[in-house]
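Descriptive structure summary
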Amino acid sequence: MQAIKLGKFLNFTAEIEVESPGRINLIGEHIDYNGGFVLPTAIDKVIHFKLKKRKDNLIHVESIGFENPLKTEINNLNKSAISWHNYLIGVLHYINLLCPNKIQGFDCIFKSNLPVGSGISSSAALECGFAKGVNELLKLNLSNQDIISLCQRAEHDFAGTKCGIMDQYAVINGLENHFLLLNCQKITHKLVPAQLLKHKIVLLNTNISHNLSTSEYNIRTKECQSALNCIQVKYPEYKFLCDVPLEIINEFKTNLPSNHYKRAVFTSEENQRTLKAVNFLKDGDVVQLGNLLYSSHKGLRDLYEVSCKELDFLVEFTRNISSIKGARMMGGGFGGCTLNIVKEDYITHFINDISEAYLKKFNIKLTPHIVKTNNGVKVL
Ligand code: ADP
Ligand code: MG
């Protein structure tokens, strides 16, 4: 079945082809929607799209390995019971608002080697790659900024995740050998060379998805907003939770519900960690950088409460191994991947050991990915 479908992909004569990468985030988790600094970049795992125009107004989209191709028309864009359709329908809806009467019929087929639901943002890769493909195919002249923001809105309103801007931004703007120090208030970035001095980034996919990720994600965004609202009664000058210094958050320790207080502390500390990480990267201090990853994980586990036993096990396993400089959960949480900074000559050994231990503990196979930084979405 898969081979037949792949044949279909290979035989599809495209007018436009687009490659859309997943992303990692070195540090600065869950703070893009709190006005923080984050440190993502695109990676060498991608969704490959092919598109061509049709003579009628139909829109057909097929994803290799997924059932139920999307068959729709621009005048008939309703939410679908098939969840993956909604990312694309959302993108088409917002493109249509920006470019009325410009969307004509087309066929699209895509294949992916991005793990789905693992915190590597297959969703943003899907939205942004599709939007870029449609933009190029139909010559709509949307800017990258337009694409980032319409894809975020598609994810909010059609897929139902109230995500920040980081995923779409990194998928579009990633740059090989660099991280993006993304200022989520100004929506601008500075490039930081990804010099890890004979270390590589290894992702370990727990292959766990606790189905909490969307609901808990949206709960966290609300908790942070409530914490900020409470602080703003006394300190209206703070517009974002990440900007509130720890001393001020501590003034509210008894006023805030304890979970809101913990979210606020995490947010403020994580933002500071991102800025420190940039300095350590610039100084080539991989040890200190790695320590920040461990602190980030601790905060995500104890204060933000988005980890799970499988992620915690994988992070703890790496402690006190000198060839591993740091590890933390990455992405929304409750499953997905850990990100590890591992000395190059230790990677094989590490993957063997930790896979065996994980299998023994949880009876689940771990999926490792040694990732490279990559450029953002590109038209091939
Ligand atoms: P993540 O972005 O971390 O991978 P999400 O839950 O945000 O996790 O997004 C995963 C969803 O994106 C999938 O459940 C599916 O609906 C959609 N998706 C991702 N990749 C594909 C693909 N290749 N084909 C169809 N849908 C996809
Ligand atoms: Mg996602």
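Use the structure listed above.
Let me sum up the structure you'll find in this document.

1. Quick look at the sheet that holds strand β12 (residues 367-371)
Judged by pairing direction, the sheet is antiparallel, and its four strands sit side by side in the order β10-β11-β9-β12 without closing on themselves. For this open sheet the edge positions go to β10 (324-330) and β12, each flanked by a neighbour on one side alone. The mean inter-strand angle of the sheet, taken between neighbouring strand axes irrespective of direction, is 20 degrees. Across eight bridges, the pairing between strand β9 (residues 199-209) and strand β11 (residues 335-343) is antiparallel.

2. Observations concerning helix α11 (residues 347-362)
One turn of the α-helix equals 3.6 residues, which is why residues spaced by three or four share an orientation. When the terminal C-alpha atoms of α11 are compared, their 22 Å separation across 16 residues agrees well with the 22 Å that a helix rising 1.5 Å per residue should span. Listed in full, the buried residues belonging to α11 are Ile-347, Phe-350, Ile-351, Ile-354, Ser-355, Tyr-358 and Phe-362. Taken around the axis of α11, the buried residues stretch over an arc of 120 degrees, which confines them to a single face. Projecting away from the buried face of α11 at angles above 90 degrees are the exposed residues Thr-348, Glu-356 and Lys-360. Positive phi shows up at Asn-363, right after α11, with a value of about 60 degrees.

3. Let's talk about the nonpolar core
Judged by nonpolar contacts, the single largest core of 104 residues is most densely connected at Leu-39, Ile-95, Phe-106 and Phe-130. Other than its neighbours up to four places away in sequence, Phe-106 contacts Leu-51, Lys-52, Lys-53, Arg-54, Leu-58, Ile-59, His-60, Leu-92, Phe-130, Val-134 and Leu-137.

4. Re the site of ligand 1
Lining the immediate environment of ligand 1, one finds 16 residues, of which Ser-63, Gly-117, Gly-119, Ser-122 and Ser-123 sit closest. In the model, an oxygen atom of ligand 1 is placed 2.6 Å from a nitrogen or oxygen of the Ser-122 side chain. At 3.0 Å from an oxygen atom of ligand 1 is found a side-chain nitrogen or oxygen belonging to Ser-123. Protein contacts shield 83% of the accessible area of ligand 1, which totals 570 Å² for the unbound molecule. Within the residue set of the shell around ligand 1, elements represented by two or more residues are α2 (83-98), β6 (106-112) and α3 (122-137). For the shell around ligand 1, a count of residues per class yields seven nonpolar, eight polar and one charged.

Calculation rules
- Residues numbered from 1 in each chain as written.
- Chains lettered and ligands numbered in written order.
- Predicted model: local features only at pLDDT ≥ 70, side-chain atom pairs only at ≥ 80, totals over all residues.
- Heavy atoms only, no water.
- Pairing = 2+ DSSP bridges.
- Helix = DSSP H or I, 4+ residues; strand = E, 2+ residues; numbered from the N terminus.
- Axes fitted to C-alpha atoms, helices over the stretch in contact; angles between N-to-C directions.
- Expected span 1.5 Å × (residues − 1).
- Buried < 20%, exposed > 50% of the residue type's maximum accessible area, 1.4 Å probe, protein only.
- Arc of directions from axis to C-beta.
- Core = buried A, V, L, I, M, F, W, Y, C linked by side-chain atoms within 4.5 Å.
- Contact = heavy atoms within 4.5 Å.
- Near = heavy atom within 4 Å.
- Polar contact = N/O pair within 3.5 Å; in protein donor to acceptor, adjacent residues only side chain to side chain.
- Areas by Shrake-Rupley, 256 points an atom, 1.4 Å probe, with all protein chains shown as cover.
- Nonpolar A, V, L, I, M, F, W, Y, C, P; charged D, E, K, R; others polar.

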